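Each chain, letter by letter, is given below.
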Amino acid sequence: MVVPRPTLPSSQWECVGSGDVKSGSCSPEEGLNRTLQQALRELSLPETQDLPQGVKYSELCVCVLGSPLPYLSLLLEAGQRSPGDALLCLSPSWLSCSSSSLLVHKAVTFDLGGRTFLTSFNPPRAVTYFLSCDPYSAEEVTREADCPMGTSGSLGKFWGDVLTARFLLQKAKIHTPPTLALLVPSGHTMLEEGTVGVLELVHLGATVKDDLNSIRNKVDSFLESEALRHSDKVVLRCSGGRFAGRAAAASAPVYFPQSSREEVWARVAQLLPGLLPGEAVLLEACCPPLKSGARVQTRGLEEHTDCRSQIPDLCFRMCAIVTRSPQNVPLLYKLVCRVGASDTPLSHHQSLSQSLETTLSECGFTDPALVVSIRRLATNTALDCLRVIMQQESSMSSESRGGLRAQTDMIGVDLLFTSDSSIIKPVVLGFHPSLCLHSSFPEQRIEKEVPDSEMEACRGTLLLTPLTRSQCFLMQGKTVLVVGAGAYSKKFVWEAAKHYKLKILLVDSDPHHFASKMVDHFLPLPDLPDHRRDDQHCVRICDWLTSSGLHPDGCVCFWDDCVVLTSLVCDRLGLRGPHPVAICIAKEKSRTHLHLLGLLQSTGTQPVTAELPAGQADSQVDVKNGLRGGMVSVEGDSLRALADFDAGNLFSGIADKPENTCSSPAPSPRLLPSHSSLPSGSFLPSVPLLSPSPSSYAVPCLHVESALDLQKAAQGGQGLPGAAGVRAVRFPAVMKLEYGAGAVGVRKVGSLTESLAHFERIGGDLREETDYPGIGLGWGNTMTLMEYVGGTEHDVDLLLFDGQLEGAFVSDNGPTRAPTFTETAAQMPSGLAPDKRAQLIRAAHHACLGCGLRDGVYNVELKMTKLGPRLIEINARMGGFYLRDWILQLYGVDILMAAFMVACGMRPRLPSATDLPARGHFAGVMCVVSQHLQALRSTASPERLRSLHQEGALWLNELAADDELISGEYEEPFCNVGVWDNRSGENACQRLLALCQGLGLHCPPRYDLVYFLSHFI
C-alpha cells in the first residue's frame, strides 16, 4: 500500500484564502484550495469548513483529482443529490492505491446548498468513480485502479491532440477546417501519411533541414489551394505531445493574413526543428463565420447625433458539452455560444456565453424554423463526434485508455458555422476534455427551453453516468436471493443479473425451470404455490441458505405470488425490505383501499389513527387459519375483539411501548401464514403530514367471498343479517380477483345481476392454481368489488428507499376492450401536463407510505379523474411487461438494478427523482392470441418480430414463449410491439399504427388500434 505523503493541516488553510499569501509561496494544494475558495465566493457559496465529527457516508464515492474548476459544476450537483459523496482531492498525496482499489484519505466533500467540508477519512473511502484533470491528469496512482473512470490523462491527451481528433473526424466524414499537418511520426502512430478529406498529412523525416524545399512546396500549394478560396486568414498551431490540450502556451493558434506567405513560411520553418516525435505543425484555413442575415432598419437617437458608435460585425463559436449515457448513447448536456467581433479570434476565457437562440437573433437570424434547424444541426454534429470517440475507444487497450475502466464520459466539442453559397454547415475545430464544462459554468442557466420536441431525445444529465457506473461497480459480486422465478416474461432478470455480475440464488417450484440454469444456486420448492404454508417455506429457504453456507446481501421478488414470502424471508434474515404487514396490505386489493380509507390526516401534533371500517374487514377475518376461508359466524364487536386480541399476540410486547401509541392498529392477519412468522418489530405506516391524505386516493370497495357479500354491497347492508354498517358500493363497478395479476378475470359490471353472474363464472372457471398458473390463485379465488372510476389510466413506477422518493416514472395506458381490462396500448413519457404528472407521482408515493411500503421498487396503477388521482392497486414489486425496457431506454435508469440495490441496502441515486429528461417517446400495443392468432402465425410471427426488433424497426417485449400461442377465455398479452420516436409521442403512435397495419395486428372493429391509441394522439 502506498503511504500518503504529509500534507498541509486544515488549520493552516485560513491563510490560504487571504490575500497575504504571495504568489509562488504556496504549495500546489494550497494554490488549488485558494482557487476553490475564490470560485465558491464568486458563486455566493460558503467557504470550506472542517467537517463535524460523527458524519456517516454511503459507499458511493465520486472523486475528482486536480483543479476544482473543470468539474466544479459536477461536484456541486452531486453534492445536492448525494450529500457527502462527491469528493475533490487537491493533491495526489490525498489518494493511495491498495491492490486495485483507489482510496481517499483526505478530500473536500460537497454537501447540500453548495457547502464544502475538508475531511479526513479513517479508514479511507474507496473510490467508485474517478475523474482527473490538470495539474494531476497524468498521475500514475490511478492507473492500476479498477474503479470506473470518466476520463484519464491518456485519454485527455489523446483527444486534446487537434491532429488526431481531426484525422478521426475526417475519416467519419465530419467537417473540420482544411488543414495541412506536418508531423514528426512516433513509432506507434496511427496517423497515416496522405489525404483524408480536407486533411493533408505529411510525415517529416529525421532531418527536417534536408526537406525544407519539399515542405515549402507543400505549404505554398496549400495556401494556393481551392480549400482556402473563401478564407482571408490562415491559422498556425502546434499539436500533439507537449502541445496536446490547453496547458502549453505554445499551442495557442497564431493568425496570419492569407496573403502573407513569406511570414507564414518563416514561422513554420522556425517551429519545425523543435518538434519531437508525435508532434506536428498545423496550417489550417480560418473558416469564415456565418454571415448575419438581413436586419430590420430602425432609426434611433444615435442617428441624429455625432456620437454614434461603430457596431462591429459579429461572429460566434459554439461549445457543445456531450455526455455518454450508461447505455453508451451520446447525449447533449449543454450548448452555448461565444460571441465576439468577426476580426478578433474568440477564446473560451475571453468571451461571455449565451444561448444559441439569443445569438442567432442578434446576428439577424430570426426565422424560427431556421433557428431550430441550426440547433438540430449543431446537436447532431456534436453527438456524431461523441460516437467517433466511443468507437475509437472501444478498439483501444486499457493501457492506451489509461485505466481498466477508463472511458470518455463527457467532453466539449468546439465548433462553428460557416456558409458556402446558401449552404450552412458546421465545422468542428477540436475537443476539450474539460475546458467547455469549466468555462461555461457561470452561465449554466442560460439555455432556453427549446420548443423543438426532437431535441428532447438528445438531452442528457451530467450526473447520470457517474452515479450509474458507481452503483453498478458497488453491486458487482453481491449475492441476491430471488424468490419465485416467474414466467417467460421474466427472462430478462437473469440475463441482466449476469451482465451486472451479480450472484443469484433462486427459489422456485419448478425444478426444471429455464432460469435454474441461468443462476448460481437453485432451490426447487415444489409446494411453493401453496401460500398457506409460506411460514414453512420461509424456514426451509433459510435452512437451505445456512446448510449451503450462502449469505445473501439482499432478497427480492419480481413475481406477484411470492411477495409475502419474500418479505418474511427478509425479516427472518434481517435484510432490508418492506414489512410483511405492509406487503399483506398491498397484496390484498380491497384491504389496500380499506386501510387507506381508514387513515386520518395528521396535523403534525395529533396522533394518526386508523380503524377498520365497521362491518367490512371485521366480518371477514379468520383468526384461526390466517387466510380468509369463507364467511364466519362471529359478527360485530365480538369479532373485532378477537381480531384485536389476535393482533396483540402477533405483536407481543409491542402494544405497551409508548412510541407505538400513534400508529395504526395492526391489520387483521387474514393474509399471514401464521403468527410465528411475523416480525417482532412494530409496523408503522408512514402517513404523510402534508395534504391531501392518502385516504383521498382510495375507492370504496368490498372483499367478496359469496353472493351474500355482493348483496350486502349493493344494498348497503339494509335488511340483511350480519351486514350492519356495510357501505354500499355503487354500480357500475369492477370485479377482480382479490390476489389476481395480469387483469385476468377483471370485468366491469353494471348491476348486481351482472356481478353475481361474473362471480359465479369465476368461481367455476378459476378455482385453484392449476386452472391458470401465475395469476395468484394460490392465494384463493376470492374477489373484490370496487366502484368504477372514470378517467385515464396510468402507471407510476416508484423507487423508494427508507420512505424517500428516489425515482418516479409515469406512463399512460390506452382504453381497454370493454367490459374486460386487459391492457391494450401504452405510451411513455406521459402526455399529461406536468402538474398532473406530479399529482400522480405524489398519489402513488403517499399511497405506498400509507400502506407502510418504504423500501423497494413498486408499480402503482392509478386513474386520473376530474377530481384528481384515484388508486386502482399497488403492485408490491417492480413493474412488468415493457416498463423496465422503456424506462431504461428513455431515461437511462434500470429499475431492475434499483430493485437489487434497495434489497442490498443501497440507496439508488439518480440525478433527479422526478425530472429526468426523456430521450424520445415510446408507444406500444399488446398482442393477444384470441385476436392475433392468424397474424402471429404468419405476417407477425415471433421470428419476424424478433428480426424487426434487431433491425430497429420496432421494440419487442416477449411476454410468453412461442409454444404458448393458445387462445382462451381468460388470457394475458402474448407480446408487446412498440415504436420509439425522437420527435413526439403522436409521431410514435402514427408510426406504430402504420407498422401494425402492415403486420396485420390492426383488426378493427374487434381490435381497433386507432381507438386504443386515441388517448395519445
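Each value, and the rule that gives it
Residues numbered from 1 in each chain as written. Predicted model: local features only at pLDDT ≥ 70, side-chain atom pairs only at ≥ 80, totals over all residues. Heavy atoms only, no water. Core = buried A, V, L, I, M, F, W, Y, C linked by side-chain atoms within 4.5 Å. Buried < 20%, exposed > 50% of the residue type's maximum accessible area, 1.4 Å probe, protein only. Helix = DSSP H or I, 4+ residues; strand = E, 2+ residues; numbered from the N terminus. Contact = heavy atoms within 4.5 Å. Axes fitted to C-alpha atoms, helices over the stretch in contact; angles between N-to-C directions. Parallel < 35°, antiparallel > 145°, perpendicular 65-115°, else oblique. Left-handed = near helix turned anticlockwise from the far one by under 90°. Nonpolar A, V, L, I, M, F, W, Y, C, P; charged D, E, K, R; others polar. Polar contact = N/O pair within 3.5 Å; in protein donor to acceptor, adjacent residues only side chain to side chain. Pairing = 2+ DSSP bridges. Right-handed = clockwise from strand over helix to strand, strands pointing away.

Caption draft 1: Up close: the nonpolar core. Within the largest apolar cluster, 178 residues are counted, with the highest numbers of intra-cluster contacts made by Val104, Phe431, Phe809 and Phe900. In terms of residues, this core owes the most to one element, helix 8 (residues 368–394), which gives 10 residues. Those residues in contact with Val104, other than ones at most four positions away along the chain, are Cys61, Cys63, Leu87, Cys89, Trp94, Leu95, Phe121, Pro124, Arg125 and Val127. In this structure, Leu481, Trp559, Leu798 and Tyr858 belong to the second largest nonpolar core, which totals 59 residues.

Caption draft 2: Fine view of the side chain of Thr164. One can find Thr164 in helix 4 (residues 162–171). Thr164 gets classed as buried once you look at its relative accessible area, which sits at 6%. Setting aside chain neighbours within four positions, we find Thr164 in contact with Phe158, Met190 and Leu191.

Caption draft 3: View of the packing of helix 5 (residues 212–223) against helix 6 (residues 261–271). As a packed pair, helix 5 and helix 6 sit with axes 11 Å apart at the nearest point and diverge in direction by 135 degrees. Of the possible angle classes, the one that applies to helix 5 and helix 6 is oblique. For the crossing formed where helix 5 meets helix 6, the hand is right-handed. Along its contact with helix 5, which presents Leu212, Ile215, Arg216, Val219 and Leu223, the element helix 6 presents Arg261, Glu262, Val264 and Trp265. Considering only residue class, the contact of helix 5 with helix 6 consists of six nonpolar, no polar and three charged.

Caption draft 4: Quick peek at the side chain of Asn813. Here Asn813 shows up in strand 28 (residues 804–813). For Asn813, a relative accessible area of 5% corresponds to the buried category. A polar contact of 3.2 Å, which involves the side chain of Asn813, links it to the side chain of Asp795. When residues no more than four places from it in sequence are discounted, the contact partners of Asn813 are Glu793, His794, Asp795, Glu823, Ala825, Ala826, Tyr882, His1015 and Phe1016.

Caption draft 5: Region of interest: unusual backbone geometry. Phe731 connects to Pro732 through a cis peptide bond whose omega is 5 degrees. In this structure, Pro829 follows Met828 across a cis peptide bond, with omega equal to 0 degrees. At Lys173, a position not held by glycine, the phi torsion is positive, near 60 degrees. Mapped onto the elements of the fold, Lys173 is located in the loop between helix 4 and strand 8 (179–183). We classify Lys173 as exposed; its relative accessible area is 75%. Even without glycine at this site, Asn328 takes up a positive phi of about 60 degrees. Counting through the fold element by element, Asn328 comes out in the loop between strand 14 (314–324) and strand 15 (330–341).

Caption draft 6: Fine view of the pairing of strand 2 (residues 62–65). Going residue by residue along strand 2, you find Val62 and Val64 tucked away on one face and Cys63 and Leu65 tucked away on the opposite face as well. Judged from the four bridges that link them, strand 2 and strand 3 (residues 86–89) form a sheet pairing that is parallel. For Leu65, the partnering residue across the bridge sits in strand 3 and is Cys89. In this region the chain leaves strand 2, passes through helix 2 (residues 72–81) and returns to the parallel neighbour strand 3; the handedness of that crossover is right-handed. Of the strand pairs in this sheet, strand 2 and strand 7 (residues 129–132) are connected by four bridges, and their pairing is parallel.

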